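Here's the letter readout for the chains.
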Number of protein chains: 2
Amino acid sequence: MATPVDRRDVILERAADLFAKQGVAATTVREIAEAVGILSGSLYHHFASKDDIVDAIVSSFMDDLVTRYDAVMAADADPHGRLVGLVRASIATSADHPHATEIYQNDARYLQADDGPTIVRQSARSVRNAWIQVLEDGAASGAFRNDVPVKVVYPLLRDGLWLTARWFTPTRTYGYDQLAEDYVKVFVDGIAR
Amino acid sequence: MATPVDRRDVILERAADLFAKQGVAATTVREIAEAVGILSGSLYHHFASKDDIVDAIVSSFMDDLVTRYDAVMAADADPHGRLVGLVRASIATSADHPHATEIYQNDARYLQADDGPTIVRQSARSVRNAWIQVLEDGAASGAFRNDVPVKVVYPLLRDGLWLTARWFTPTRTYGYDQLAEDYVKVFVDGIAR
DNA sequence: TACCCTTCCAAGCGCTTGCTAGGGAGGCTA
DNA sequence: TAGCCTCCCTAGCAAGCGCTTGGAAGGGTA
């Protein structure tokens, strides 16, 4: 190779692409190897197992997400400001890890299983706590409506937010920033005029 | 058996349960057979293939959905009334086919593939058209805001709506009707107070 | 009783899966 | 030059996959 790229990173990138497109279970190690340009056995010089590859992809994504969420929660105490911050942080992370975002959505059950990676489970709980706290604070302070249970509002916000990874591709005129802005508009003020 | 239940229906029910929990690719025909209480080979007396089982589950779901959507679009011409109707129809269908709903969300890409079942692709287009029409009519008539593109609003509504199948289980005090009502509240009026 | 039809089992086929063992090529260090 | 380390290939194993074949059991019909 002309540029001394790290093979490990190339494997992670190609694997994430395939996992996102086909699902983890439907992607074979031979496919990953072929996408990299090596044979399947050679993957095992870099990773201990197929699961190990999945873990590396998702863990990196979750680490970034938690870091961004922590910054938002530390910088702002106002529920509305925090909500906007969390949305922007989520979409920014999704922009940085588009494949991982999709993998996490599609295979969440597999990843959150008891034998799944511990880091993922911990991060998932931390992420959930941030949202619940913001929504409950907002409902208590009067910033948000309190006639709909937080346990219902949160999943609606969450799923609409994260599944953007499935369908959204930024264009020159409509990027991630615009998406975040419009997302906030819809969920905070509704679609009624 | 005491009651002469149709074996085919039992197979569909158990298979749907497993597909929803584990994903289609991760569920084996041997698992399905074991859940029914027969051997894997015996499944092939009732179905031609594993894909055939998946198709039967999802097609039944999609048929019901399209029927309900057609009724809504025929009964109401007002965008807001149609929106409420589509939400209620979706959640009612989801209540009748909880497993199929989840399968469709998790394996949508697989099902919408070019070699997937034709009925599913047709139904998916029909469903999409209904939503787009309602949202565009509403934006044009002034019932809905028009500063956020319909191509963004629709996926947000859709994903938040359909992924309820992943997390929602009705209780005695909070059922599908209540969920539909709250869903409309959030998306139409927003969470701000 | 004789026949048929439905439903299932027993056995296994051909193939793919994730993964492993052993070795070779090339570069770096001493 | 000698030795080592990194990275990859060749070859293949054991297990599991979807699916097929041939036949047996049992009930319904005549």
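Refer to the structure above for everything that follows.
The sections below set out a description of the structure shown in this document.

1. Considering the protein's contact with DNA strand C
Right, so step 1: Neighbouring DNA strand C are 17 residues, the closest being Thr 28 and Tyr 44 of chain A together with Arg 7, Leu 39 and His 46 of chain B.
Right, so step 2: Counting only the atoms of DNA strand C within 4 Å of the protein, the fraction contributed by sugar and phosphate is 60%.
Right, so step 3: At 3.0 Å, a side-chain N or O of Arg 30 of chain A approaches a base nitrogen of DNA strand C.
Right, so step 4: At 2.6 Å from a phosphate oxygen of DNA strand C is found a side-chain nitrogen or oxygen belonging to His 46 of chain B.
Right, so step 5: Per-class residue counts for the surface near DNA strand C are four nonpolar, nine polar and four charged.

2. As for the protein's contact with DNA strand D
Right, so step 1: Every one of the 16 residues lining DNA strand D counts as a neighbour, but Arg 7, Leu 39 and His 46 of chain A together with Thr 28 and Tyr 44 of chain B are closest to it.
Right, so step 2: Of what DNA strand D places within 4 Å of the protein, 60% of the atoms are sugar or phosphate.
Right, so step 3: Between His 46 of chain A and DNA strand D, the recorded distance is 2.6 Å, taken from a side-chain N or O atom to a phosphate oxygen.
Right, so step 4: One of the backbone nitrogen or oxygen atoms of Lys 50 of chain B is found 2.8 Å away from a phosphate oxygen of DNA strand D.
Right, so step 5: Class assignment of the residues belonging to the surface near DNA strand D gives a composition of four nonpolar, eight polar and four charged.

3. Topic: the packing of aromatic side chains
Residues and elements named next belong to chain A.
Right, so step 1: The final tally for this structure, using the stated rule, is 15 aromatic pairs over all chains.
Right, so step 2: Ring geometry for Tyr 183 against Phe 187: centres 4.5 Å apart, planes inclined by 35°, an arrangement best described as tilted. Taken together, the residues span about one helical turn, with Tyr 183 and Phe 187 both in helix H10 (residues 176–189) at a distance of four residues. Of the two residues examined, Tyr 183 and Phe 187, each falls in the buried class.

4. As for the nonpolar core
Right, so step 1: The biggest cluster of nonpolar side chains holds 130 residues, and the ones touching the most others in it are Trp 131 of chain A together with Trp 131 of chain B.
Right, so step 2: The contact partners of Trp 131 of chain A, leaving out residues within four places of it in the chain, are Tyr 69, Leu 83, Leu 86, Val 87, Ser 90, Tyr 154, Leu 157 and Leu 161 of chain A.

5. Here's the deal with the packing of helix H1 (residues 7–22) of chain A against helix H5 (residues 98–106) of chain A
All names here are of chain A.
Right, so step 1: It is at 8 Å that the axes of H1 and H5 come closest, and there the two elements cross at 45°. Considered as vectors, H1 and H5 are oriented oblique to each other. When the axes of H1 and H5 are compared, the crossing they make is left-handed. Counted together, Glu 13, Ala 16, Asp 17, Phe 19 and Ala 20 of H1 and His 99, Glu 102, Ile 103 and Asn 106 of H5 form the full contact between these two elements.
Right, so step 2: Considering only residue class, the contact of H1 with H5 consists of four nonpolar, two polar and three charged.

Scoring rules and cut-offs
Residues numbered from 1 in each chain as written. Chains lettered and ligands numbered in written order. Predicted model: local features only at pLDDT ≥ 70, side-chain atom pairs only at ≥ 80, totals over all residues. Heavy atoms only, no water. Near = heavy atom within 4 Å. Polar contact = N/O pair within 3.5 Å; in protein donor to acceptor, adjacent residues only side chain to side chain. Nonpolar A, V, L, I, M, F, W, Y, C, P; charged D, E, K, R; others polar. Phe/Tyr/Trp six-rings, centres within 6.5 Å; stacked < 30°, edge-to-face > 60°. Helix = DSSP H or I, 4+ residues; strand = E, 2+ residues; numbered from the N terminus. Buried < 20%, exposed > 50% of the residue type's maximum accessible area, 1.4 Å probe, protein only. Core = buried A, V, L, I, M, F, W, Y, C linked by side-chain atoms within 4.5 Å. Contact = heavy atoms within 4.5 Å. Axes fitted to C-alpha atoms, helices over the stretch in contact; angles between N-to-C directions. Parallel < 35°, antiparallel > 145°, perpendicular 65-115°, else oblique. Left-handed = near helix turned anticlockwise from the far one by under 90°.

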